[in-house]
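So the chains spell out like this:
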Amino acid sequence: MRLISVMLAVLLLFGCSSWQQNAVPMHQNPDYYPYLQPSFDEYLLETKAWLANNRTFISDDKDKELAMNMPFVIRTKQPLKGAVMLVHGLGDSPYSFSDIGPTLADKGLDVYVLLLPGHGSDPSHMMMPSYQDWQTLVDHYALQLEGQYDNLWLGGFSTGANLVTHYAARNPQIAGLFLFSPAYRTHSPVLEALAPVAAGLFDWGWQVEEDNLARYTSSTFNAAAAYAKSASAVREILEHQRIEIPTLILISETDSVVDSTFIREHFTSHFSHADSRLLWHGNLSEPAARVKVLNMSLPHFKIINGSHMSVLFRACNPYYGIRAEKRLCHNSMDNDQLLHCQQADSVWKGAWGTDAGDKPFAR
């Protein structure tokens, strides 16, 4: 045990000395593009030019891939109530809000969706961003939109939820928050804490053939370290203050990524506004005040339970829904389960790690 402790200490020291934030902010890096623009329209133009020239396309339909990875704006056709800015998660893309964005626009909000630096182009670009690069992007456009609207809401999925929570905690004039599977803490806090160490030693967490138009399949340790910093930054804020603006949180009890119990407990103790609500996708025998339980055991729809990303999409979503173009079969499956998932005419769905028995199963 003493030898293991010494080796771990050396690894921590070496990793912390090896991994460091970029000396130059990513928006000033000559190998990237200037994504901090004086208007959102200019940001869209710069991003489209960058993706068109630098995305590693994985299909013949380049226009479709660009559209799924581009930041976007939806102008409401209803009486204007304000605006909402949405931020996707680690490895994901603006497509995360392909269902939620139009829904919020129907409620009278102009919708703005960001693309985090390093995303949407090539997984190797995830070796570049720091947490601060992501937070700076969110801060820049949130401040910009605050100057244009009387009421600005912020929303985020997973890591994106961390970034918008951090901004709202420092800027309580924000009208409210929409948080989808907020990644304030994972199920593996030790591995989360060691992510910067790994980033100092290795480039890739895993590298596989890309097969998803809407998100990266590969991942870098640098990106994991940037996520870990976003989570620790939010936890540090929540140690010292409450979030006193209306907040809606959606999370699945069986989320295989995020510690959903941690989120539920912190909602009760740290999100104090009377209009705040938590939608708990699972089972809870005695829900606390302001918590609504939505049972995700839906055998009629071949749904076993809810996953990390299931809170984002409608059943009819063309890419991830019931009759989806994309079937997520890989994670947590042996070879027989993988073939079963890939070859079945239809599959049951739920979170990674779900025991589906002999049922063909996908995320």
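Above this text you will find the structure in question.
Below, the structure is looked at part by part. In this convention, every chain numbers its residues from 1, walking through the sequence in written order. Restriction of local features to residues with pLDDT of at least 70 applies here, the model being predicted, together with a cutoff of 80 or more for giving and counting side-chain atom pairs; totals for whole chains, interfaces and linings are based on all residues. Derived side-chain values reflect all non-hydrogen atoms in the structure, with water molecules and hydrogen atoms excluded from consideration.

Right, let's get into the pattern of salt bridges. Between Lys or Arg on one side and Asp or Glu on the other, a salt bridge is scored when a side-chain nitrogen of the former is within 4 Å of a carboxyl oxygen of the latter. Scanning the entire structure with this criterion turns up 8 salt bridges. Its salt-bridge partner being E65, residue R55 comes within 2.8 Å of it at the nearest N-O pair. Linking R55 in the loop between α2 (40-54) and α3 (62-69) with E65 in helix α3, this pair joins segments that are 10 residues apart in sequence. By the burial criterion, R55 is buried, and E65 matches it. One salt bridge connects D110 with R75, and the closest N-O pair in it is separated by 3.8 Å. Pair noted here: D110 is in strand β3 (residues 109-113) and R75 is in the loop between β1 (72-74) and β2 (82-87), with a separation of 35 residues, a long-range link. Each residue's exposure class comes from its accessible area (1.4 Å probe, protein chains only) as a fraction of the maximum for that residue type: buried when under 20%, exposed when over 50%, partly exposed otherwise. The exposure class assigned to D110 is buried, which follows from its relative accessible area of 8%. Secondary structure counts use DSSP, requiring at least four H or I residues in a row for a helix and at least two E residues in a row for a strand, with both numbered from the N terminus.

Ranked by internal contacts, the top residues of the largest apolar core, which has 67 residues, are Y43, M85, L114 and L154. Ranked by residues supplied to this core, first place goes to helix α8 (residues 221-240) with 10 residues. In this description, contact between two residues means that some pair of their heavy atoms is separated by no more than 4.5 Å. Setting aside residues no more than four positions away along its own chain, M85 makes contact with Y112, L114, V138, Y141, A142, L145, L152, W153, L154 and G155. For this analysis, a nonpolar core means a set of buried residues of the types Ala, Val, Leu, Ile, Met, Phe, Trp, Tyr and Cys, connected via side-chain atoms within 4.5 Å. With 26 residues, the next largest nonpolar core counts M68, L279, L312 and Y320 among its residues.

Orientation of helix α5 (residues 131-146) relative to helix α6 (residues 159-170), taken along the N-to-C sense of each, is 55°, at an axis distance of 10 Å. In terms of orientation, α5 and α6 fall into the oblique class. As for the relative orientation of α5 and α6, their crossing is right-handed in sense. Packed against α5, whose contacting residues are Y131, W134, Q135, V138, D139, A142, L143 and E146, the element α6 presents T159, L163, V164, H166, Y167 and R170 at the interface. Angles run from 0 to 180 degrees between N-to-C directions of axes, and those axes are lines fitted to C-alpha atoms, restricted for helices to the stretch in contact. Any angle that falls under 35 degrees is termed roughly parallel, while one over 145 is termed roughly antiparallel, one within 65 to 115 roughly perpendicular, and all others oblique. By definition, turning the near helix anticlockwise from the far helix through less than a right angle yields a left-handed crossing, and turning it clockwise yields a right-handed one.

Let's shift gears to the packing of helix α7 (residues 189-201) against α8. The interhelical angle for the contact between α7 and α8, taken along N-to-C directions, is 140°, at an axis separation of 8 Å. The two elements α7 and α8 cross, and the hand of that crossing is left-handed. Residue-level inspection shows E192, A195, P196, A198 and A199 of α7 in contact with α8, the latter providing F221, N222, A224, A225, Y227, A228, A231 and R235. Considering only residue class, the contact of α7 with α8 consists of 10 nonpolar, 1 polar and 2 charged. The classification used treats Ala, Val, Leu, Ile, Met, Phe, Trp, Tyr, Cys and Pro as nonpolar, Asp, Glu, Lys and Arg as charged, and all other residues, Gly among them, as polar.

Taken by themselves, the reported measurements are silent on function.
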